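Tertiary structure, described
Next come the chains, spelled out residue by residue.
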Amino acid sequence: MPKLHSIPCLTPICALTLALGGLAASGCQEDCESPLGSGGPDIEVDFIEVNDNGAWSWFMSSRAIVSEGKLIVGSVRAVGKAREDEGAEGWGNVEVSTLDIETGAVGTSVLYPQFEQDDHDAPSLLPLPDGRILAAYAIHGLERVVYTQHSEVGDPLRWGAAQEFVTPGVDSGFGGDNVTYANLFRFPGGRIYNFYRGYESDPNYMYSDDEGETWTYGGRLMEGFDGYAPYLRYAYDGAGTLHFMATEDHPRHYDNSIYHGYLQGGVIHDSSGAPIAELSETTGANLSVLDLSLVYAGDEDHVAWTVDIELDAERLPYLAFSTQRDGAGVPFFGGAGQDMRYHYGRWDGESWSHEEIAYAGTHLYPREEDYTGLAALDPTNPNVIYISTDAEPTTGEALISEADCRRHYELFRGTRSDSGWTWESITANSEVDNLRPIVPEWEDERTALVWMRGTYVRAHGEWTTAVTAAILP
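This is a predicted model, so every value here is computed, not measured. Counting of residues starts from 1 at the beginning of each chain's written sequence and follows it residue by residue. Two thresholds apply to this predicted model, a pLDDT of at least 70 for residue-level local features and 80 or more for giving and counting side-chain atom pairs, whereas whole-chain, interface and lining totals are computed over all residues. The side-chain figures draw on all heavy atoms in the structure; neither hydrogens nor water molecules are used.

1. Some remarks on the overall build of the protein
Only DSSP runs of H or I with at least four residues qualify as helices, and only runs of E with at least two residues qualify as strands; both kinds are numbered from the N terminus onward. Within the protein, the regular secondary structure consists of one helix and 33 strands. The globule rule is 2.2 Å times the number of residues to the power 0.38, and the radius of gyration it is compared with is taken over C-alpha atoms. Relative to the compact-globule value of 23 Å for 473 residues, the protein shows a C-alpha radius of gyration of 21 Å, a close match. Along the first, second and third principal axes, the C-alpha atoms of the protein reach 65 × 45 × 45 Å. Relative accessibility under 20% of the residue-type maximum defines a buried residue, over 50% an exposed one, and the middle range a partly exposed one, all with a 1.4 Å probe and only protein chains included. Here the protein, with 473 residues, has 59% of them falling under the buried criterion. Taking the contacts inside the protein whose residues are at least 6 apart along the sequence as the reference set, 56% of them involve residues at least 24 apart. Only the protein chains shown count as cover for residues, with accessible areas throughout obtained via the Shrake-Rupley method and a probe of 1.4 Å. Element-wise, carbon and sulfur atoms account for 46% of the exposed surface of the protein, whose accessible area totals about 18000 Å². Of note, the protein has its 28 positive side-chain charges centred 2 Å away from the centre of its 75 negative side-chain charges. Residues are treated as being in contact if the distance between any of their heavy atoms lies within 4.5 Å. By the counting rule applied here, Lys and Arg register as positive and Asp and Glu as negative, while His and the ends of each chain are not counted. By convention, charge coordinates are those of NZ in Lys, CZ in Arg, CG in Asp, or CD in Glu.

Here it is, written out as structure tokens:
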């Protein structure tokens, strides 16, 4: 792919201002042209505001589900800034919002008021056989507690009291054995697993045999590269096999690669099915992320991070990940992350293939130089992906909106064919950013798409993004 194109504006000052996402210089608006043209998006759909404010990180699942005709989304509310405005009404609420897909009715319920204003605290949601929804969430790295709650039967807007489960380890200021993220899966026989980051900042798990009423610590899934933490995304086949993709560490600390493995019958396997280790039942890890199958080899100019993973009709994994392409030799917080890319990988039963598919644009904010707008794989079609980017997907040209002459993140649907990937815009010439798309599994010919629409400043408590949905034909 070619390097990023220059921004289409006449004056150098205007171009610099736009590149930084700031206000246009005097006279700039009339000079700027969007690479998407002056019309609307390629795919015209109605946007539905499900919640006026909400955000999520991407290392919990499922963040959004479809159950009994309702789209149900978990998020965290922001009011002002992370610490300065603590105590304000709505500050840091953990919330669940719903959209009745047929009637369009929306509603929001507060799971836990003034929990913490951090998007890492968004809940994982799991439908239960009796019609209730189970939610699990945690404060981001500040305590060893996992919180769980149940909705009432058939009503995802009415919830019981939160229960607290204290995980193993010792207390610390941040990180250490403290917890974050939640990933809920119900295995055959009824056992529910929650995979979370916990002891030693590694992936651990807890389980429940009574639909989440009580919990038991299970063990440590694996250890990372002796650094901050490996980052995992999970995909479950519904029949007892849990796939996961992983990095060695945070890309801020290590030139990550991408790995894959799966858990089945209490044993962790590599991609080919060869057993690697038994699932640990203690805080000791039986394997390292380096023992898994290598999908993509990163280096200092191709630093990878996990984004999404799904399973095809044959229950074979396909995945999406990002790479930072301009960080070689650049110190932490030195301005890297101006050239991000999206990649697609697929296991055919014998080997992994991967390809770079689109420009992801620039990082979301300076102190997280590997954050992108993110992508969501279609869980029912391995040849479809939805991405958020502030660059034209095929050329890298900056997406300058003709609405306000600023650079914004827009949503695109990518479709894979023998001739490559084609891209259709879902949003275009926006006055706000469109971020972190989610495509929940849904047995319907339509596709439910959820994303954050607005202004996102940073993960630790500053955003004005609305939880937005569209039902695609």
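So that's the structure; there's more coming.
2. A short note on the pattern of salt bridges
By definition, a salt bridge exists where a carboxyl oxygen of Asp or Glu is found within 4 Å of a side-chain nitrogen of Lys or Arg. Throughout the structure, instances matching the rule amount to 25 salt bridges. Note that Arg144 is salt-bridged to Asp171, the shortest N-O span being 3.0 Å. Here the residue Arg144 occupies a position in the loop between β7 (133-137) and β8 (145-152), and Asp171 occupies one in the loop between β10 (163-166) and β11 (180-186), the gap between them amounting to 27 residues. For Arg341, the salt bridge identified is with Glu356, shortest N-O distance 2.6 Å. Here Arg341 is found in strand β23 (residues 340-347), whereas its partner Glu356 is found in strand β24 (residues 352-361), with 15 residues between them in sequence. Since its relative accessible area comes to 3%, Arg341 is described here as buried. Through salt bridges that share partners, Arg325, Asp339, Arg341 and Glu356 make up one connected network.

3. Focus on the pairing of β11
For β11, a buried count of six out of seven residues is recorded, marking the element as mostly surrounded by other parts of the structure. Relative to strand β12 (residues 192-197), β11 is paired through five bridges, and the arrangement is antiparallel. Paired with Leu184 across the strands is Asn194, a residue of β12. Any two strands between which DSSP finds at least two bridges are classified as paired.

4. Remarks on the sheet that holds strand β22 (residues 317-324)
Within the open sheet, the four strands sit side by side as β21-β22-β23-β24. Their pairing is antiparallel. For this open sheet the edge positions go to β21 (303-311) and β24, each flanked by a neighbour on one side alone. Across the sheet, the axes of successive neighbouring strands diverge by a mean angle of 20 degrees, strand direction being ignored. To define axes, lines are fitted to C-alpha atoms, for helices over the stretch in contact only, and angles between the resulting N-to-C directions are given on a 0 to 180 degree scale.

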